[in-house]
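The chain contents come next:
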Amino acid sequence: RQILILSAILHDIAKPITTHVREDGRIGARGHEDAGMNYLVFRLLTLDLPHKEYVQILKLVGLHQRPKMLVIQNCDHKFLQLNNEVSYELLYWLEVADMRGRISEDTDTNLMFLEEFYNRSKMVIKQQEERNILSNCYLETPLLVQDYCNSVGNYHIHKGNITHLESAYKKF
């Protein structure tokens, strides 16, 4: 809870120094996430936080703009990469609070992107966990059985019954 509260307070700390008017007349603060994270590196040390919390806060501040970009990019491995850096759940709740705390014409759209981010992250991480379990089971299987499973799997892929070998290991 402390991680989320401090991240919510500090996530836009660098906006004043990065805010500018764009050519199209809109106001932007490009790079405020990185600038904020860099600004906080030494300042957070004065709070005497546990190392894990310190790192999580820095990463939440530095990565808080990523959820919408990931949904737009539609690239599953980037969801996994992000979750390896910071909890997708904490990032989701930080951004939901950020969206609900502002008045904007696109709030509903951004909240929709966040829901998609949350659901996709959860799905991709679950799939990765299942692959890891299957890989561990597969590696413990004798080579002759692995060859047989691969042959059966490839046959069913060719027939259109499954789309990838992991499905064969579950099914057969």
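Structure's up top.
Residues numbered from 1 in each chain as written. Predicted model: local features only at pLDDT ≥ 70, side-chain atom pairs only at ≥ 80, totals over all residues. Heavy atoms only, no water.

Engineer: So what exactly am I meant to see when it comes to helix H4 (residues 51-63) here?
Structural biologist: Three- or four-residue spacings in an α-helix give side chains the same orientation, since the helix completes a turn every 3.6 residues. The terminal C-alpha atoms of H4 lie 18 Å apart, and with 13 residues this matches the ideal 18 Å at 1.5 Å per residue to within 8%. Those residues of H4 that are buried lie in contact with helix H1 (2-10), helix H3 (32-43), helix H5 (66-73), helix H6 (76-85) and helix H7 (88-100). (Helix = DSSP H or I, 4+ residues; strand = E, 2+ residues; numbered from the N terminus. Expected span 1.5 Å × (residues − 1). Contact = heavy atoms within 4.5 Å.)

Engineer: Teacher, can you tell me more about the pattern of salt bridges here?
Structural biologist: Side chains that carry opposite charge are capable of pairing whenever their charged atoms lie near each other. Per the counting criterion, the structure on display carries two salt bridges. The salt bridge involving Asp98 is made with Arg102; its shortest N-O contact spans 2.8 Å. On the accessibility criterion, Asp98 (11% relative accessible area) is buried. When its relative accessible area of 33% is taken as the criterion, Arg102 is described as partly exposed. For Arg120, the salt bridge is made with Glu116, and the minimal N-O distance between the two is 3.9 Å. In this pair, Arg120 and Glu116 are both assigned in helix H8 (residues 107-139), four residues apart and thus about one turn of the helix distant. On the basis of relative accessible area, Arg120 is assigned to the buried category, the value being 11%. (Salt bridge = Lys/Arg side-chain N within 4 Å of Asp/Glu carboxyl O. Buried < 20%, exposed > 50% of the residue type's maximum accessible area, 1.4 Å probe, protein only.)

Engineer: What is the right way to read the layout of surface pockets from this model?
Structural biologist: One number sums up the size of the largest pocket: a volume of about 980 Å³. Lining the largest pocket we find 28 residues, and of these Arg22, Ala29, His32, Gln65 and Arg102 sit closest to its centre. Put simply, the parts of the chain that give the lining of the largest pocket at least two residues each are strand S2 (27-28), H3, H5, H7 and H8. It is H5 that provides the largest number of residues to the lining of the largest pocket, a total of five residues. Residue composition of the lining of the largest pocket, grouped by class: seven nonpolar, ten polar and eleven charged. (1 Å grid on protein atoms, 1.4 Å probe; cavity = no way out; pocket = protein on both sides within 12 Å on 5 of 7 lines; lining within 4 Å. Points joined across faces, edges and corners; volume = space filled by probe spheres on them. Nonpolar A, V, L, I, M, F, W, Y, C, P; charged D, E, K, R; others polar.)

Engineer: Help me out: how do you make sense of the packing of H1 against H4 in this one?
Structural biologist: Close contact between H1 and H4 brings their axes to 9 Å; oriented N to C, the two are set at 40 degrees. Crossing hand, H1 versus H4: right-handed. Each of Gln2, Ile3, Leu6, Ser7 and Leu10 in H1 lies in contact with H4, whose residues at this interface are Glu53, Gln56, Ile57, Leu60 and Val61. (Axes fitted to C-alpha atoms, helices over the stretch in contact; angles between N-to-C directions. Left-handed = near helix turned anticlockwise from the far one by under 90°.)

Engineer: Looking at this model, I keep getting lost on the nonpolar core. Mind explaining?
Structural biologist: One broad trend across soluble globular proteins is that nonpolar side chains are buried collectively. Counting residues in each nonpolar core, the largest one holds 30 residues, and the members touching the most others are Leu44, Ile57, Leu82 and Phe117. For this core, the secondary structure elements donating two or more residues are H1, H4, H5, H6, H7 and H8. With seven residues, H8 is the largest single contributor of residues to this core. Non-local contacts of Leu44, meaning those with residues more than four positions away in its chain, are made with Leu10, Leu49, Tyr54, Ile57 and Leu58. (Core = buried A, V, L, I, M, F, W, Y, C linked by side-chain atoms within 4.5 Å.)

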